[in-house]
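Okay, here's what each chain looks like letter by letter:
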Amino acid sequence: MNAHDDDSTASRAAGRLDAARPDEASRSTAGPAGAPTATDGPPAADGPDGRDPDEQDADGPDEDARTPIPAPAPEPVPAPGGPAAPPSGIAALAAPYQVGAVLALVVVAVAACVHLGMVFLHVTPSNTVNRQHAEAVDGWIYPEFEQNWKLFAPNPLQQNIAVQVRAEVGTADGGTRTTGWYDLSAEDGRAIDGNLLPSHTQQNELRRAWDFYGAAHDADNRPVGLRGALAEQYLRRIVVLRLERGDPGGAVGAGGVLERVQVRSRTSNVPPPPWSNEKAPGRPAYRTLPWWTVPAGETRGGQR
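Report on the accompanying structure. (Residues numbered from 1 in each chain as written. Predicted model: local features only at pLDDT ≥ 70, side-chain atom pairs only at ≥ 80, totals over all residues. Heavy atoms only, no water.)

Our next topic: the overall build of the chain. Across its full length, the chain holds eight helices and six strands. Residues classed as buried in the chain amount to 19% of the 304 residues present. For the chain, the share of sequence-separated contacts (at least 6 apart) that also reach a separation of at least 24 residues comes to 56%. As displayed, the chain offers around 22,100 Å² of accessible surface, 59% of which is attributable to carbon and sulfur atoms. (Helix = DSSP H or I, 4+ residues; strand = E, 2+ residues; numbered from the N terminus. Buried < 20%, exposed > 50% of the residue type's maximum accessible area, 1.4 Å probe, protein only. Contact = heavy atoms within 4.5 Å. Areas by Shrake-Rupley, 256 points an atom, 1.4 Å probe, with all protein chains shown as cover.)

Okay, structure coming up:
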């Protein structure tokens, strides 16, 4: 075989290869889905989401693969009602006035604590502390802040006690006359009735003066202890002032002179309720004190 025959044989083999290529291309195209083709070369690596990087470039980056963008900081919201309100109360005062206000509050707080402590020592049963400081406690409590527990006692007071007084008056012609009985407790009751804010004097002055006298004297009106004379003087001055401040002209009258007074109490029992088996005397009981001479300095409005 010569060289020319070799060239012819090679040419025929090349023609057979060229005729077979379309079929191979067709088979490559018609192969299973996703299989690589002969012209594509080696399969490209997939992207993070499993898609072809070319498709990602065409469609843009996947939303899940994007870097999260921080949310913008919220804008400050203005306070309702515009600008902040100016300071009020003590904070609105100047520095010297703030100091004065704080000192005043401290004084009030200390006074309140002292008062509560004194009242506590007054109402507690007898003990070492209130016996040791009895003089200081009594000086603070009496007479304005006196306390008692009769309303809350197991057997509360069931009597009405009225304090009455009459007077012996010297007249202008040299004679004397005796007035009738003046019910001073009834006068206090009329002053309190309908009064939304009755005074401590209207409510308690006369009642406490009578209780003070009864505690400082025995059943025969003899003084018990050193406070007997003081209790008598206190009660006498109160009734003299009441007589002087009575109706126009008072119990004394024009030209008269108050010489002596006499005090008595009228005690009547409160009727028990219908469902109670208690029995109370129906007639009032009286306790009449001796006549007291009125010193000249105690007439016409008290001691001078």
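Now for a nonpolar patch on the surface. Taken together, Ile90, Leu93, Tyr97, Val102, Leu105, Val106, Val110, Val114, Trp140 and Phe145 make up a surface patch of nonpolar side chains, about 880 Å² in accessible area. Counting residues per element, the nonpolar patch draws most heavily on helix 3 (residues 95–123), which supplies six residues. (Patch = residues over 30% accessible without salt bridge, like charges linked within 9 Å, V, L, I, M, F, W, Y side chains within 5 Å. Salt bridge = Lys/Arg side-chain N within 4 Å of Asp/Glu carboxyl O.)

Let us now look at the pattern of salt bridges. With the rule as written, the count across this model stands at eight salt bridges. For Arg260, the salt bridge goes to Glu168, with nearest N and O atoms at 3.0 Å. With Arg260 in strand 4 (residues 257–269) and Glu168 in strand 1 (residues 159–170), the pair connects residues that are 92 residues apart, well separated along the chain. Since its relative accessible area comes to 27%, Arg260 is described here as partly exposed. Given a relative accessible area of 15%, Glu168 falls into the buried group. Between Asp188 and Arg242 there is a salt bridge, and its shortest N-O distance comes to 3.1 Å. Of the two residues, Asp188 is situated in helix 6 (residues 184–192) and Arg242 in helix 8 (residues 228–244); the sequence distance between them amounts to 54 residues. Of the two residues, Asp188 and Arg242, neither departs from the other in class, the shared state being buried. Through salt bridges with shared partners, one network takes in Asp188, Glu205 and Arg242.

Moving on, we get to the environment of Ala209. By the secondary structure assignment, Ala209 is in helix 7 (residues 200–215). Between the C-alpha atom of Ala209 and that of Glu232, which follows or precedes it by 23 residues, the distance is 8.9 Å. In this structure, Ala209 is in contact with Tyr234, Leu235 and Ile238, ignoring residues within four places of it in sequence.

Angle between the axes and distance between the axes are the two parameters that describe a pair of packed helices. The N-to-C vectors of helix 6 and helix 7 enclose an angle of 165 degrees; their axes lie 9 Å apart at closest approach. Relative to helix 7, the element helix 6 lies roughly antiparallel. For the pair helix 6 and helix 7, the crossing hand works out as left-handed. Packed against helix 6, whose contacting residues are Leu184, Ser185, Asp188, Ala191 and Ile192, the element helix 7 presents Gln202, Gln203 and Leu206 at the interface. Per-class residue counts for the contact of helix 6 with helix 7 are four nonpolar, three polar and one charged. (Axes fitted to C-alpha atoms, helices over the stretch in contact; angles between N-to-C directions. Parallel < 35°, antiparallel > 145°, perpendicular 65-115°, else oblique. Left-handed = near helix turned anticlockwise from the far one by under 90°. Nonpolar A, V, L, I, M, F, W, Y, C, P; charged D, E, K, R; others polar.)

Note that every value here comes from positions in space, so none of it alone points to a role or purpose.
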